[in-house]
Amino acid sequence: MSGDAILEIRDLKVSFRVRRAGRKYQVQAVDGASLSLAEGEVLGIVGESGCGKTTVGRSIVGLVQPDSGAISFRGGEMIGAGGTKLREMRLNVRMVFQDPYASLNPRRTIGDAVAEAGDINGFFKSRAERSAAISATLTAVGLDPSFAARYPYELSGGQRQRVGIARAILPTPSIVIADEPVSALDVSVQAQVLNLMMDLREELRLSMLFISHDLGVIGQISSRVAVMYMGRIVEQAATRAVLDQPLHPYTRALVAAIPKPDPTKRILGAIETGEPPSLFKRPPGCAYAARCPLASDRCLVDVPQLRPAGTDGRAVACHNV
Ligand SMILES: Nc1ncnc2c1ncn2[C@@H]1O[C@H](COP(=O)(O)OP(=O)(O)OP(=O)(O)O)[C@@H](O)[C@H]1O
Ligand SMILES: [Mg+2]
């Protein structure tokens, strides 16, 4: 993939063991996902609920253990790394979580929450430096420094997510993985928080993976997009190309399902006509075949690999486009 990638994921597989009605099953949450994030870009990851977006993000920051694959940060492999090298990479790749209510410990002050990564890594030289850093970071996310002494229950959803962002930028990382950072928020504050993230991205020169199930939101903020379906990336391209000329049948369905200003003009895509197969028992061929208008016999047996399609680093995993 691209030579200037700051983060590269190759063939990532993650499974979970779960119990259902007394029996053990394996859920293949991520099934061979590959993507690359270029220095300074915002790459959107889009796909419907349960396709594995959060699991990819959690794998990158080390919160889940992948079964196999590679995740490299500036050319250094993260899976299996340890010691100072891993610590340094972890500080450079941070995550803003999907649910601002669940992601803050109710018993810790906001100041402690914001300083956590720095505390764990011995980043602050003195108490004075630590409080100055907390104040500056709270100010950077639009909160008064006095919030440092408060507790999460005293905060609104929007304020909590500002804290969630503050936690991810002290000390300043190179990459932020934003996992649906505004979807749990009231519509009235969604735009404010999104704007804050975009301002910080510019000021701090962050590269960003922006996870969302909403191609409309991704279209506003990311220059490239990776489309995920059942644990795999099925298309990756410039956002404009994806919106104007989606290639993969699943991407076409997603684009068609973007709400249009005039509801009578809304096209119902294939995505609304079927359910994805169970993650417990994946089909042998293309996971989208059962819902796909283009599916041929080959699609039922042969998993399509992501391959270059046209210029601009575009790639698609489909036998029929
Ligand atoms: N810790 C876990 N234990 C068991 N199963 C899990 C765990 N985490 C995720 N899964 C399963 O893995 C699959 C992918 O989940 P994931 O949260 O990554 O999806 P997602 O794309 O982020 O969905 P959403 O848009 O709803 O946030 C789902 O079937 C989910 O139930
Ligand atoms: Mg998720």
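Up top is the structure these notes are about.
Read on for an overview of the structure. Keep in mind it's a predicted model, so treat the numbers as computed, not measured. Residue positions are counted from 1 within each chain, in the order its sequence is given. As a convention, the first chain written is A and the first ligand written is 1, with the rest following in written order. Local features are withheld for residues below a pLDDT of 70 in this predicted model, meaning they are given only at 70 or higher, and side-chain atom pairs are given and counted only at 80 or more; totals for whole chains, interfaces and linings count all residues. The side-chain quantities take in all heavy atoms of the structure and omit both hydrogens and water.

**Regarding the overall build of the protein chain**
And then number 1: Here a strand is any run of E in DSSP of at least two residues, a helix any run of H or I of at least four, and the numbering for each starts at the N terminus. When helices and strands are tallied, the protein chain shows nine helices and twelve strands.
And then number 2: Here the globule rule reads 2.2 Å times residues to the power 0.38, and the radius of gyration is calculated from C-alpha atoms. For 321 residues, the compact-globule estimate of 2.2 N^0.38 gives 20 Å, and the protein chain sits close to it at 20 Å.
And then number 3: Its C-alpha atoms give the protein chain principal-axis dimensions of roughly 65 × 50 × 50 Å.
And then number 4: Counting every position in the protein chain, which comprises 321 residues, the buried fraction comes to 51%. Whether a residue is buried, partly exposed or exposed follows from its accessible area with a 1.4 Å probe, protein chains only, as a fraction of its type maximum: under 20%, in between, or over 50%, in that order.

**A few points about the pattern of salt bridges**
As a working rule, side chains carrying opposite charge can pair if their charged atoms are close by.
And then number 1: The term salt bridge refers to a pairing of a side-chain nitrogen on Lys or Arg with a carboxyl oxygen on Asp or Glu at a separation within 4 Å. For the structure on display, the rule yields eleven salt bridges.
And then number 2: We note a salt bridge from D112 to R130, for which the minimum N-O separation is 2.9 Å. Placement of D112 in helix α3 (residues 110-120) and of R130 in helix α4 (residues 127-140) is noted, with a sequence separation of 18 residues between them.
And then number 3: In this structure, the salt-bridge partner of D119 is R130, at a minimum N-O distance of 2.9 Å.

**Some thoughts on the coordination of the magnesium ion (ligand 2)**
And then number 1: Only N, O and S atoms count as donors, using a 2.8 Å limit from the metal and a wider 3.2 Å limit for Na, K and Ca, and since water is excluded some coordination spheres may look unfilled. Taken together, T54 (OG1) and Q98 (OE1) make up the protein donors of the magnesium ion (ligand 2), found 1.9 to 2.7 Å from the metal. Highlighted residues: T54 in helix α1 (residues 53-60) and Q98 in the loop between β6 (93-96) and α3, separated in sequence by 44 residues.
And then number 2: When its relative accessible area of 26% is taken as the criterion, T54 is described as partly exposed.
And then number 3: Judged by its relative accessible area of 32%, Q98 falls in the partly exposed class.

**Some words on the packing of α3 against α4**
And then number 1: Think of each axis as a best-fit line through the C-alpha atoms, taken over the contacting stretch in the case of a helix, with angles from 0 to 180 degrees between the N-to-C directions. The interhelical angle for the contact between α3 and α4, taken along N-to-C directions, is 115°, at an axis separation of 10 Å. It follows from the interaxial angle that α3 and α4 lie roughly perpendicular. Between α3 and α4 lies a crossing whose hand is right-handed. Contacts between α3 and α4 involve I110, G111, D112, V114, A115 and D119 from the former and R130, I134, T137 and L138 from the latter. Angles are sorted into four bins: roughly parallel if under 35 degrees, roughly antiparallel if over 145, roughly perpendicular if 65 to 115, and oblique for all others. By the definition used in this description, the sense in which the near helix is turned from the far one sets the handedness, with an anticlockwise turn below a right angle giving left-handed and a clockwise turn giving right-handed. Note on contacts: a residue pair is in contact if any heavy atoms of the two residues lie within 4.5 Å.

**Structural notes on unusual backbone geometry**
And then number 1: Cis geometry is adopted by the peptide bond preceding P171, which originates at L170 and carries an omega value of -15°.
And then number 2: Topologically, P171 is positioned in the loop between α5 (157-169) and β7 (175-179).
And then number 3: A positive phi angle is found at D11, which is not glycine, with a value near 50°.
And then number 4: Along the chain, D11 turns up in strand β1 (residues 5-20).
And then number 5: Phi is positive for E180, close to 45°, though the residue is something other than glycine.
And then number 6: Looking at where E180 falls in the secondary structure, it is placed in the loop between β7 and α6 (187-204).

**Comments concerning the pairing of strand β2 (residues 23-38)**
On any regular strand, side chains alternate: one points to one face of the sheet, the next to the other face.
And then number 1: The buried fraction of β2 is high, at twelve of 16 residues.
And then number 2: Strands pair, by our definition, only if DSSP identifies at least two bridges between them. Bridge count between β1 and β2: 13 bridges; the pairing is antiparallel. When the sheet's bridge partners are listed, R19 is paired in β2 with K24.
And then number 3: The loop that links β1 with its antiparallel partner β2 comprises two residues; one of these, A21, has a positive phi angle of about 50°.

**Section: the sheet that holds strand β3 (residues 42-46)**
And then number 1: Ordered in space as β6-β7-β8-β3-β9-β10-β12-β11, the eight strands form an open sheet in which the pairing is mixed. On the outer flanks of this sheet lie β6 and β11 (307-308), each paired with one strand and no other.
And then number 2: Pairing between β11 and strand β12 (residues 315-316): two bridges, direction antiparallel. Each bridged residue has a counterpart across the sheet, and for R307 the counterpart in β12 is V316.
And then number 3: Contacts from helix α2 (residues 83-92) reach β6 and β7, with the element oriented near 40° to β6.

**Focus: the environment of A178**
And then number 1: Among the secondary structure elements, A178 is positioned in strand β7.
And then number 2: Remark: the alpha-carbon pair of A178 and I211, spanning 33 residues in sequence, is separated by 6.0 Å.
And then number 3: Dropping the residues within four chain positions of it, A178 is found in contact with V96, M197, L209, F210 and I211.

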